[in-house]
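The lines below spell out each chain.
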Amino acid sequence: MMKYIPSEKAPSDGGRHDEMEKCNLLKDQYHVIVMETPAQRVYGIRRKINISETGDLFDDLYKKVNELGLTRCGAAQQVYLGEEFSYESMDVEAQVEVSGEHPDVKVIPARLCVATTHIGPFEGLHNAYDAICSWLTEHPEYKVTGPSVERYLKDVDMVKDEEELETGILFPVQKLQ
């Protein structure tokens, strides 16, 4: 399971006020929710890549989906499978919801997730992750149970300007008793 490291470390001294101010700004920008995600039938390709190779990975995924006679029928997403995030060497699986039959199509069961939506360029995604991490810190009754997912609700093929991109960030969770 990937361990997300927020973009800025919390101050260890009197800078706590600045950190709280940042948390409040994130709360204003990102609405974090708990949601049940439906089951998905996906085809995926797993690789260790540099972040700059993400577009190539999805190009390869869409090409393979077509070669296998599958049809895209939902959002594409990237699952982060490494222990820690690294721009240079990410262990990821690019997936897309599909219809059609193939032995490599898998079903991701319905699950409880903590989620938010980022609108705008991918360079700002870390703020959505920070908002979820802050929310999880404030809600210890939820435990992360799997790798984080970036679900591309409006991806680069659907928009004219990167300001229109919509990316869902999801962390599978379990509510503790």
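Residues numbered from 1 in each chain as written. Predicted model: local features only at pLDDT ≥ 70, side-chain atom pairs only at ≥ 80, totals over all residues. Heavy atoms only, no water.

Some details on the environment of Lys48
Point 1. Note that Lys48 resides in strand E2 (residues 40-49).
Point 2. Separated by 33 residues in the primary sequence, Lys48 and Leu81 place their C-alpha atoms 9.5 Å from one another.
Point 3. Beyond its immediate stretch of four places on either side in the chain, Lys48 contacts Ser89, Met90 and Asp91. (Helix = DSSP H or I, 4+ residues; strand = E, 2+ residues; numbered from the N terminus. Contact = heavy atoms within 4.5 Å.)

Details of the environment of Asp155
Point 1. Structurally, Asp155 is set in the loop between strand E8 (149-154) and strand E9 (166-175).
Point 2. What makes Asp155 buried here is its relative accessible area of 6%.
Point 3. The spatial distance from the C-alpha of Asp155 to the C-alpha of Ala75 is 8.5 Å, given a sequence separation of 80 residues.
Point 4. Those residues in contact with Asp155 that lie beyond four places of it in its chain are Tyr62, Arg72 and Leu165.
Point 5. Of the polar contacts made by the side chain of Asp155, one reaches the side chain of Arg72; its length is 3.0 Å.
Point 6. A polar contact of 2.9 Å, which involves the side chain of Asp155, links it to the backbone nitrogen of Asp157. (Buried < 20%, exposed > 50% of the residue type's maximum accessible area, 1.4 Å probe, protein only. Polar contact = N/O pair within 3.5 Å; in protein donor to acceptor, adjacent residues only side chain to side chain.)

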